[in-house]
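The residues making up each chain are set out below.
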Amino acid sequence: MQKKTTLIIVLVLVLLATGFGIYRAQQANNNTPIYVSVTVLGNAEEHQGTARAINSIQLYLDKANAEGGVNGHPLELLVHVDGGDTDLSPGVALDVVNSKAMISLGNTYSDAAAAAGKVYAENKMPVMTSGATAPNVTIGNEWFFRVINDNEAQGTYIAEYAYVILGHKTANIVFEDNSYGKSLRDSFAETFEELGGEVLQTDPIANNETLEDDAKAIISSYDEKPDLVFFATYKTSGLEMLRQVRNSRYRAVTVIGGDDVGDTVFASRFIEAGNDPEKLNNTYAASPLIFDVGSEGAQRFRDEYIEKYSEPPTWFSATTYDSALVAVEMMRKVGISGQPEDLAKDREILRDYLDAIDTPDEAIEGITGNIYFTGENNFVQPMAMGTFQDGKFIS
């Protein structure tokens, strides 16, 4: 009898040990991190956009981890740098593909994003951008998604605002000499002329060592005063063009910029360069989000961002936060494994479900709106038009 009792005890202990081992293995599996990658322009100390991208994603990942991560898996961020360089971005994209990341968030510049996108597609890895707006970034690439309007939608909106709301009939265009600037130029010009407006002159510009001279030459080449000058440019080129316009005989002309002009950072850089803040008057810009008229969720995000990072967010902060939010919410919904051996399969599952968010009923609520993807994996949302007052960008 004693032997039988001893045997039963031994069997119970074995079963308990086995069960505990299985439990520990499951816990270890659940504790395996799921990685999210972001591709940025450079060092966070040197590039404001880099800091905003990293901060915004980390803000959401911290919140998601506090809620249990993805089915018990903690989320961790991997950072890659391509400098917005088309020569570097494909190689960096391959590094991301070969990493442990489930999805890549980025790139910021359209040309670099389009070049990297080919690598992601070839290697079946989903990628989502919160800032690259040229149409060619997502056209024909089923692995690339965008949580922001593309330039076709943006240029149309700006042209309609200029012609219908402001009543301007003639325009000159200065455009960044790349896919971002050219696509924004083309969309604006097409819509403006369809409405009955006239584009008098278009000029390319680029951020290089001759930027100041190039901007002066463009202004000097104007034969007549347009009702407005449209800047389809990045910030640095736009800042120099605005300085030259406001110091010329066309100083009173209306200036309208695209989304890269549309935030308070543009105003602060203009003033920090020694320009009179009043020279920002009569300058407008489009934006995916202007916080003073943002939703309750946008205000809450702004407050949380300021509390954590001691500076206000920009619209790019919000769209980048949204890219992380959409990616993680979809991971939670689709039941991915999260195990390293299932990474390739999980990436495909995630892409398929992102592709399926294609109607308002399927949308995920974000900071900038209810996000879903239309044709060519774009998110089409109502834009806002802002202006500059007292060094701030407001509605």
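Above this note sits the structure.
The shown structure was predicted, so the numbers you read here are calculated from the model rather than taken from an experiment. (Residues numbered from 1 in each chain as written. Predicted model: local features only at pLDDT ≥ 70, side-chain atom pairs only at ≥ 80, totals over all residues. Heavy atoms only, no water.)

Some details on the pairing of strand E13 (residues 384-389)
Link 1 in the chain: Within E13, 5 of the 6 residues are buried, which leaves the element mostly enclosed by the surrounding structure.
Link 2 in the chain: Pairing of strand E10 (residues 283-287) with E13 involves 4 bridges; the strand directions are antiparallel. Its bridge partner lying in E13, Tyr284 is registered against Thr387.
Link 3 in the chain: Bridge count for E13 against strand E14 (residues 392-394) is 3 bridges, and the pairing is antiparallel. Residue Gln389 lies in a different strand from E14, and its bridge partner there is Lys392.
Link 4 in the chain: The hairpin turn running from E13 into E14, its antiparallel successor, is 2 residues long, and Asp390 in that turn takes a positive phi close to 55°. (Buried < 20%, exposed > 50% of the residue type's maximum accessible area, 1.4 Å probe, protein only. Helix = DSSP H or I, 4+ residues; strand = E, 2+ residues; numbered from the N terminus. Pairing = 2+ DSSP bridges.)

Section: unusual backbone geometry
Link 1 in the chain: The phi dihedral of Lys124 is positive, around 55°, even though this residue is not glycine.
Link 2 in the chain: Inspection of the secondary structure assignment puts Lys124 in the loop between helix H4 (110-122) and strand E4 (127-129).
Link 3 in the chain: In this structure Lys124 comes out as partly exposed when scored by relative accessible area, which is 43%.
Link 4 in the chain: One non-glycine residue, Asp390, lies in positive phi territory at about 55°.

With respect to the sheet that holds strand E3 (residues 101-105)
Link 1 in the chain: A sheet is described by the order of its strands in space; here 5 strands give the open sequence E2-E1-E3-E4-E5, paired in parallel fashion. Strands at the two margins of the open sheet, each flanked by one partner only, are strand E2 (75-81) and strand E5 (144-146). The mean inter-strand angle of the sheet, taken between neighbouring strand axes irrespective of direction, is 25°.
Link 2 in the chain: Judged from the 4 bridges that link them, strand E1 (residues 34-40) and E3 form a sheet pairing that is parallel. Along E3, the bridge assignment pairs Val38 with Leu105.
Link 3 in the chain: Packing against the sheet, helix H3 (residues 89-97) makes contact with E1, E2 and E3, and its axis sits at approximately 160° to E2. (Axes fitted to C-alpha atoms, helices over the stretch in contact; angles between N-to-C directions. Contact = heavy atoms within 4.5 Å.)

Considering helix H9 (residues 264-272)
Think of an α-helix as 3.6 residues a turn; residues three or four steps apart then line up on the same face.
Link 1 in the chain: The set of residues buried in H9 consists of Val265, Phe266, Ala267 and Phe270.
Link 2 in the chain: Packing partners of the buried residues in H9 comprise helix H2 (48-66), helix H8 (235-246) and E13.
Link 3 in the chain: Immediately beyond the C-terminal end of H9, within one or two residues, lies Gly274, with a positive phi of roughly 95°.

Description of a negative patch on the surface
Link 1 in the chain: A surface patch of like charges, here negative, comprises Glu152, Glu190, Glu193, Glu194, Glu198, Asp223 and Glu224.
Link 2 in the chain: Examining the composition of the negative patch, we find that 3 residues originate from one element, helix H6 (residues 179-194), more than from any other.
Link 3 in the chain: With respect to the helices, strands and loops of the structure, Asp223 is situated in the loop between helix H7 (211-220) and strand E8 (228-232).
Link 4 in the chain: Exposure remark for Asp223: the relative accessible area of 75% places this residue in the exposed category. (Patch = residues over 30% accessible without salt bridge, like charges linked within 9 Å, V, L, I, M, F, W, Y side chains within 5 Å. Areas by Shrake-Rupley, 256 points an atom, 1.4 Å probe, with all protein chains shown as cover. Salt bridge = Lys/Arg side-chain N within 4 Å of Asp/Glu carboxyl O. Lys, Arg positive; Asp, Glu negative; His and termini not counted. Charge placed at Lys NZ, Arg CZ, Asp CG, Glu CD.)

Considering the nonpolar core
Most often, soluble globular proteins keep nonpolar side chains buried together rather than apart.
Link 1 in the chain: Judged by nonpolar contacts, the single largest core of 49 residues is most densely connected at Leu75, Ile103, Met128, Val326, Met331 and Leu354.
Link 2 in the chain: Elements with a contribution of two residues or more to this core: E1, H2, E2, E3, helix H10 (296-309), helix H11 (315-334) and helix H12 (343-355).
Link 3 in the chain: Not counting residues within four places of it along the chain, the set of residues in contact with Val326 comprises Met128, Leu354, Ile364, Ile371 and Phe373.
Link 4 in the chain: Ranked by size, the runner-up nonpolar core spans 26 residues in total, among them Ile219, Val261, Phe270 and Ala285. (Core = buried A, V, L, I, M, F, W, Y, C linked by side-chain atoms within 4.5 Å.)

Focus on the pattern of salt bridges
Link 1 in the chain: The tally for this structure, following the rule as stated, stands at 14 salt bridges.
Link 2 in the chain: With a closest N to O distance of 3.4 Å, Lys216 and Glu212 form a salt bridge. Of this pair, Lys216 and Glu212 both sit in helix H7, 4 residues apart, roughly one helical turn.
Link 3 in the chain: For Glu212, the salt bridge is made with Arg243, and the minimal N-O distance between the two is 3.2 Å. On the criterion of sequence distance, the pair formed by Glu212 in helix H7 and Arg243 in helix H8 is long-range, its members being 31 residues apart.
Link 4 in the chain: Residue class for Arg243 comes out partly exposed when judged on its relative accessible area of 23%.
Link 5 in the chain: Within this structure, Glu212, Lys216, Glu240 and Arg243 form a network of salt bridges that share partners.

Structural notes on the packing of aromatic side chains
Link 1 in the chain: Under the criterion given, the structure shown has 17 aromatic pairs.
Link 2 in the chain: A ring pair is formed by Tyr109 and Tyr234, whose centres lie 4.7 Å apart and whose planes are at 15°; its orientation type is stacked. Linking Tyr109 in the loop between E3 and H4 with Tyr234 in the loop between E8 and H8, this pair joins segments that are 125 residues apart in sequence.
Link 3 in the chain: Pairing Phe301 with Tyr305 gives two aromatic rings, centres 5.8 Å apart and planes at 55°, and the pair type is tilted. In this pair, Phe301 and Tyr305 are both assigned in helix H10, 4 residues apart and thus about one turn of the helix distant. For the pair Phe301 and Tyr305, one class covers both residues: buried.
Link 4 in the chain: The structure contains a cluster of three or more aromatic residues connected by ring pairs, namely Tyr60, Phe291, Phe301, Tyr305, Tyr309 and Tyr321.
Link 5 in the chain: For Lys169, the ring lying beneath its charged end belongs to Tyr163, and the centroid distance is 3.9 Å. (Phe/Tyr/Trp six-rings, centres within 6.5 Å; stacked < 30°, edge-to-face > 60°. Lys NZ or Arg CZ within 6 Å of the ring centre and 35° of its normal.)

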